[in-house]
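These are the residues of each chain, in order.
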Amino acid sequence: MRKFSYLYGLNIRYEINTYKYVGHDYPNQPFLKKYRIVRLIKRIMKKYTVCNNYTEWEKHVQNAINKDIINPKDFIRWLYRKKDIEEQFLEAIKSILIPIYIAIFPLMDYFGKIPEKDVEGFILFGLILIVSISSKYLYDTFEKVNFYRDFIEIAEKYLLGTKED
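Since the structure is predicted, the reported quantities are computational estimates derived from the model, not experimental observations.

A count of helices and strands for the protein chain gives six helices and zero strands. In the protein chain, the order of α-helices and β-strands from amino to carboxyl end is α-α-α-α-α-α. Of all 165 residues assigned to the protein chain, the portion counted as buried reaches 30%. Considering only residue pairs separated by 6 or more positions, the protein chain has 79% of its internal contacts joining residues 24 or more positions apart.

Residue placement: Glu 58 occurs in helix α4 (residues 54-64). In this structure Glu 58 comes out as buried when scored by relative accessible area, which is 17%.

What follows covers the environment of Tyr 48. Note that Tyr 48 resides in the loop between α3 (38-47) and α4. Note: C-alpha distance between Tyr 48 and Thr 18 (30 residues apart in sequence) is 5.5 Å. When residues no more than four places from it in sequence are discounted, the contact partners of Tyr 48 are Tyr 14, Asn 17, Thr 18 and Tyr 21.

A grouping of Phe 89, Phe 125, Leu 129, Ile 133 and Tyr 137 is seen on the molecular surface, where their side chains present a nonpolar patch of about 510 Å² in accessible area. Of note, Leu 129 is situated in helix α6 (residues 117-160).

Bringing α4 into the picture now. When we look at burial in α4, the residues that qualify are Trp 57, Glu 58, His 60 and Val 61. All buried residues of α4 fall inside an arc of 160 degrees around its axis, so they share one side. Opposite its buried face, α4 presents the exposed residues Lys 59 and Asn 63, each directed more than 90 degrees away.

Let us look at the nonpolar core. For soluble globular proteins, nonpolar side chains are generally found buried alongside one another. Ranked by internal contacts, the top residues of the largest apolar core, which has 21 residues, are Ile 12, Trp 57, Ile 65, Phe 75, Leu 79, Phe 147 and Phe 151. Where this core is concerned, the elements lending two or more residues are α1 (12-20), α4, α5 (72-112) and α6. No other element matches the seven residues that α6 contributes to this core.

For the structure shown, the criterion picks out six salt bridges. We note a salt bridge from Lys 157 to Glu 58, for which the minimum N-O separation is 3.2 Å. You can see Lys 157 sitting in helix α6 and its partner Glu 58 sitting in helix α4, a full 99 residues away along the chain. Close ionic contact of Arg 149 with Glu 87 constitutes a salt bridge, the shortest N to O distance being 3.8 Å. One end of the pair, Arg 149, is in helix α6; the other, Glu 87, is in helix α5, and 62 residues separate them in sequence. Each member of the salt-bridge network shares a partner with another, and the members are Lys 83, Glu 87 and Arg 149.

Under the counting rule described, the total for this entry stands at eight aromatic pairs. Between Trp 57 and Phe 147, the aromatic rings sit 6.2 Å apart at their centres with planes inclined by 65 degrees, giving edge-to-face as the arrangement. Placement of Trp 57 in helix α4 and of Phe 147 in helix α6 is noted, with a sequence separation of 90 residues between them. Judged by relative accessible area, which is 0%, Trp 57 ranks as buried. A network of ring pairs unites the aromatic residues Tyr 19, Tyr 54, Trp 57, Phe 147, Tyr 148 and Phe 151 as a single cluster.

About the criteria used
- Along each chain, numbering runs from 1 in the same order as the chain's sequence is written.
- Per-residue local features are limited, in this predicted model, to residues with pLDDT of at least 70; the limit for side-chain atom pairs, both in listing and counting, is 80 or more; totals at the level of whole chains, interfaces and linings are taken over all residues.
- Heavy atoms from the whole structure form the basis of all side-chain values; hydrogens and water molecules are not counted.
- A run of DSSP states H or I qualifies as a helix once it reaches four residues; a run of E qualifies as a strand once it reaches two. Both are numbered from the N-terminal end.
- Burial classes follow relative accessibility: with a 1.4 Å probe on protein chains only, a residue under 20% of its type's maximum area counts as buried, one over 50% as exposed, and anything between as partly exposed.
- Note on contacts: a residue pair qualifies if any of its non-hydrogen atoms lie within 4.5 Å across the two residues.
- Patches in this entry comprise residues that are over 30% relatively accessible and not in a salt bridge; like charges within 9 Å are linked, as are nonpolar side chains (Val, Leu, Ile, Met, Phe, Trp, Tyr) within 5 Å.
- Residue burial considers only the protein chains on display, and all accessible areas are found by Shrake-Rupley using a 1.4 Å probe.
- Salt bridge, as used here, is a side-chain nitrogen of Lys or Arg placed within 4 Å of a carboxyl oxygen of Asp or Glu.
- Starting at the helix axis, one direction is taken to each C-beta atom, and the arc is that of these directions.
- For this analysis, a nonpolar core means a set of buried residues of the types Ala, Val, Leu, Ile, Met, Phe, Trp, Tyr and Cys, connected via side-chain atoms within 4.5 Å.
- Each Phe, Tyr or Trp ring (for Trp, its six-membered ring) is paired with any other whose centre lies within 6.5 Å, and the angle between the two planes then decides the class: stacked below 30 degrees, edge-to-face above 60, tilted in between.

Right under this line is the structure:
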């Protein structure tokens, strides 16, 4: 297992993965009980802290934040920087993918006119693969930006006693 850096005594990857499961209320979902996905739920519950609502997650974050940080403003500034990096990454992904999405339909029309069906299937598979991978990256980056936004709000309330808008 790789060791993660714990800057300011905080494992960011663990906290981001915990944030992904906020509000799911896994033990009480009848769909999961019906299809017996209990093993997956137990594995998730062992690996990350499962919070059934936002208030539970807020308490978890307050426990995770080291109250003895020498300069809390540096910690919050570090969180803002991490959020800015994720927002820049999100904008870069969007600026690269929008032209690709626009070019997909003319390419599909062009390759549809080629008599060889193998080439058409290969290109269509490649385009679908690009769209699905890029959608996953977009979703993950949106999640991280939202995580940092909520985490900063809680950290400001907890460490500084104020909330900046």
